[in-house]
Amino acid sequence: MNEFHEDFTPRNSEAIPPADQVPTTKPSTLRWVFLGADGLRAGWSLIIFIALMYALLKGVNALSHLMHLSPQGNANNANITPIFAVLGELPPFLVTLFAAWIMSKIERRPNSVYGLGGARKLPHFFAGLAWGVTCLSLLVLTLWKTGLLVIDNRLLFGSDALRYGAIWLFSFLLVGLLEEYLTRGYLQYTLTRGLAGIYKWAFKTPHSTALGFWTTALIFSILFGLGHGKNPGESPIGLLSAGLAAMVFCLSLWRTGSLWWAIGFHTSWDWAQSFLYGVADSGLMVQHHLLATHPVGKPLFSGGATGPEGSLFIIAILTLVSLIILFTLPRTGGGYTANLPARPRFTPAPDNSHQAIGIV
C-alpha cells in the first residue's frame with residue numbers, strides 16, 4: 001500500500017509565489033490623472049461637459065441667426081409670446097440632451113443614469129403634473145381668500161382657451177425639461193460622484209453618497225435661485241423660493257432616482273401661474289392667459305410684481321410639497337444611489353494615498 005502514498009501538492013506549485021509576493025503593476029501617471037475607481041474622474045467629466053455645452057450652444061446660436069430662427073422679443077418686457085418661449089427653451093434642452101449623451105459614451109454609462117431613466121417615468125410625471133397645479137392653486141386660493149389677489153375677469157373663451165392652454169402647456173413642458181435636466185441632470189450626477197469620492201477618502205464614511213448629493217443639491221439650488229435675479233419684478237423672497245423649490249425637486253430626485261416627478265410638477269406649476277391664473281411667474285408674464293388678476297397689499301404677503309412665488313406663503317406651500325414627496329414617493333430600488341457606480345470599500349494604503357490629489 002505504501003507505493004500509493006503520494007504528495008498531492010500540484011506539480012507546478014513551486015512556480016506560484018505567495019499572495020504577498022505577487023508583483024503589482026502600478027498604473028501609469030497619465031492613467032491615474034484621468035481615471036479613478038469608477039472611470040473618468042468627475043472633475044474632467046465636468047470640464048468636458050461644460051466645454052461641449054459652450055461649443056454646441058455657440059454653434060446653435062450662430063445657425064439660428066443664419067436661418068433667422070432666433071426668438072424675436074425680450075423676456076424682460078414681461079410679455080412673453082409662445083413662440084419666444086419655445087424657441088428659447090427647445091434648442092438649449094436639445095443641446096443639453098446631446099451633450100449628456102456624448103458624455104455617456106465617453107464614460108461608458110447608460111444615458112438614463114443622468115435623471116431621465118427609471119421604470120416609472122409616466123406615473124411619476126403625471127403625478128408631478130397633478131401635484132403641481134394642485135399646490136399652485138392652493139397658493140392662489142390662499143392669496144385670493146385673504147384679499148391679497150384680485151381676479152379681474154376672464155380673457156379667453158372656447159377654442160381660444162383650449163388652444164392657448166395646450167400651447168402654453170407644451171412651452172412649460174420645455175421649461176421643466178430644460179431647467180431640471182440642466183441643473184439636476186448630468187451636472188448633479190457627476191458632481192455628486194466626485195464629492196462622494198472626496199468624502200469617502202477624507203472621512204471614511206459610508207454616507208459619502210448622501211453627503212455628496214446634498215452638497216451638490218445645495219450648490220446648484222443656490223445657483224438656480226440666483227439665476228432668477230435678472231427677471232423683472234423679482235424680489236428677495238422670490239429668489240429664496242426659487243432656491244428652496246430647487247432643493248424640493250432634489251428631494252424628489254433622491255427618492256425616485258429620476259427627474260420625471262420634478263419635471264411634471266415644474267411644468268404644471270408654471271403653467272398654472274402663467275396661463276391659468278394669469279399671475280406673474282418669477283416676475284415674468286405671458287401673453288394669451290386665461291384670467292386677468294392683480295396683487296393687492298404688501299408685496300411681502302401678496303408677492304407683488306414677483307407673483308405668488310414672492311409671497312411668504314410660498315414657504316408653507318413648499319413645506320407641504322416636501323411632505324407630499326416623502327409620503328407619496330417611497331424610496332424604492334435604491335433611489336438616487338442606484339444610479340451611482342459602485343465604489344470599492346475604502347482600505348487605507350500608503351501607496352495609493354496620492355490618489356486624492358487628482359481631479360476627483
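Details of the structure are given in the entry above.
Below: a short report on this structure.

## As for the overall build of the protein chain
Along the protein chain, the regular secondary structure elements total 11 helices and four strands. Counting the 360 residues in the protein chain, one finds 45% classified as buried. The contacts in the protein chain between residues at least 6 apart in sequence include a share of 79% that link residues at least 24 apart. Accessible area for the protein chain stands at about 19200 Å²; split by element, carbon and sulfur atoms hold 68% of it.

## Some words on the nonpolar core
With 42 residues, the main nonpolar core has Trp 168, Trp 269, Phe 275, Tyr 277 and Val 321 as its most contacted residues. Listing elements by their share of this core, those giving two or more residues are α3 (82–107), α4 (121–145), α5 (158–184), α8 (236–256), α9 (260–276) and α11 (313–328). It is α9 that provides the largest number of residues to this core, a total of eight residues. Sequence-distant contacts of Trp 269, defined by excluding residues within four places in its chain, comprise Gly 132, Val 133, Cys 135, Leu 136, Leu 139, Glu 309, Ile 314 and Ile 317. Ranked by size, the runner-up nonpolar core spans 33 residues in total, among them Phe 49, Tyr 181, Leu 195 and Leu 253.

## Remarks on a nonpolar patch on the surface
On the surface, Leu 240, Leu 244, Leu 300, Phe 301, Leu 312 and Ile 315 cluster together into a nonpolar patch covering about 460 Å² of accessible area. Looking at the nonpolar patch, the elements with two or more residues in it are α8 and α10 (299–302). Its place among the elements puts Leu 300 in helix α10. Given the relative accessible area of 41%, Leu 300 is considered partly exposed.

## Concerning α3
The end-to-end C-alpha separation of α3 is 37 Å, in line with the 38 Å expected for 26 residues at 1.5 Å each. Where α3 terminates, the next one or two residues include Arg 108, which has phi positive at roughly 60 degrees.

## Looking at the environment of Tyr 336
Its place among the elements puts Tyr 336 in the segment after α11. Apart from the residues within four sequence positions on either side, Tyr 336 is in contact with Gln 188, Tyr 189, Thr 192, Phe 213, Leu 253, Trp 254 and Gly 257.

## Re α4
The terminal C-alpha atoms of α4, which comprises 25 residues, lie 36 Å apart, in line with the 36 Å expected from a rise of 1.5 Å per residue. Along α4, the positions that sit buried rather than exposed are His 124, Phe 125, Gly 128, Leu 129, Gly 132, Cys 135, Leu 136, Leu 139, Val 140 and Leu 143. Looking at the packing, one finds that the buried side of α4 touches β3 (149–154), α5, α8, α9, α10 and α11. Just past α4, the residue Gly 147 takes up positive phi, approximately 75 degrees.

## Points about the packing of α4 against α11
Each pair of packed helices can be summarised by the angle the axes make with each other and by the distance between the axes. Orientation of α4 relative to α11, taken along the N-to-C sense of each, is 150 degrees, at an axis distance of 10 Å. Taken together, α4 and α11 sit at an angle that is classed as roughly antiparallel. In the crossing of α4 with α11, the sense of the turn from one axis to the other is right-handed. Together, Trp 131, Cys 135, Leu 138, Leu 139, Thr 142 and Leu 143 of α4 and Phe 313, Ile 314, Ile 317, Leu 320, Val 321, Ile 324 and Thr 328 of α11 make up the contact between the two elements. Of the residues in the contact of α4 with α11, the class split is 11 nonpolar, two polar and no charged.

## Focus: the packing of aromatic side chains
By the definition in use, this model includes 19 aromatic pairs. Judged by centre distance (5.2 Å) and plane angle (75 degrees), the ring pair of Tyr 114 and Tyr 189 falls under edge-to-face. Of this pair, Tyr 114 sits in the loop between α3 and α4 while Tyr 189 sits in helix α6 (residues 186–203), and the two are 75 residues apart along the sequence. The exposure class of Tyr 114 is buried, given its relative accessible area of 1%. With relative accessibility at 1%, the residue Tyr 189 sits in the buried group. A ring pair is formed by Phe 249 and Phe 265, whose centres lie 5.9 Å apart and whose planes are at 65 degrees; its orientation type is edge-to-face. Highlighted residues: Phe 249 in helix α8 and Phe 265 in helix α9, separated in sequence by 16 residues. With a relative accessible area of 4%, Phe 265 lands in the buried category. Taken together, the ring pairs in this structure connect Phe 49, Tyr 114, Tyr 186 and Tyr 189 into an aromatic cluster.

## Things to note about the packing of α5 against α6
The geometry of α5 relative to α6 is characterised by a closest axis approach of 3 Å and an angle of 15 degrees between their N-to-C directions. Judged on the interaxial angle alone, α6 and α5 are roughly parallel. Residue-level contacts link Tyr 181, Leu 182, Thr 183 and Arg 184 of α5 to Tyr 186, Leu 187 and Gln 188 of α6. Class assignment of the residues belonging to the contact of α5 with α6 gives a composition of four nonpolar, two polar and one charged.

Calculation rules
- Residues numbered from 1 in each chain as written.
- Predicted model: local features only at pLDDT ≥ 70, side-chain atom pairs only at ≥ 80, totals over all residues.
- Heavy atoms only, no water.
- Helix = DSSP H or I, 4+ residues; strand = E, 2+ residues; numbered from the N terminus.
- Buried < 20%, exposed > 50% of the residue type's maximum accessible area, 1.4 Å probe, protein only.
- Contact = heavy atoms within 4.5 Å.
- Areas by Shrake-Rupley, 256 points an atom, 1.4 Å probe, with all protein chains shown as cover.
- Core = buried A, V, L, I, M, F, W, Y, C linked by side-chain atoms within 4.5 Å.
- Patch = residues over 30% accessible without salt bridge, like charges linked within 9 Å, V, L, I, M, F, W, Y side chains within 5 Å.
- Salt bridge = Lys/Arg side-chain N within 4 Å of Asp/Glu carboxyl O.
- Expected span 1.5 Å × (residues − 1).
- Axes fitted to C-alpha atoms, helices over the stretch in contact; angles between N-to-C directions.
- Parallel < 35°, antiparallel > 145°, perpendicular 65-115°, else oblique.
- Left-handed = near helix turned anticlockwise from the far one by under 90°.
- Nonpolar A, V, L, I, M, F, W, Y, C, P; charged D, E, K, R; others polar.
- Phe/Tyr/Trp six-rings, centres within 6.5 Å; stacked < 30°, edge-to-face > 60°.

Spatial relationships are all this shows, so hold off on functional conclusions.
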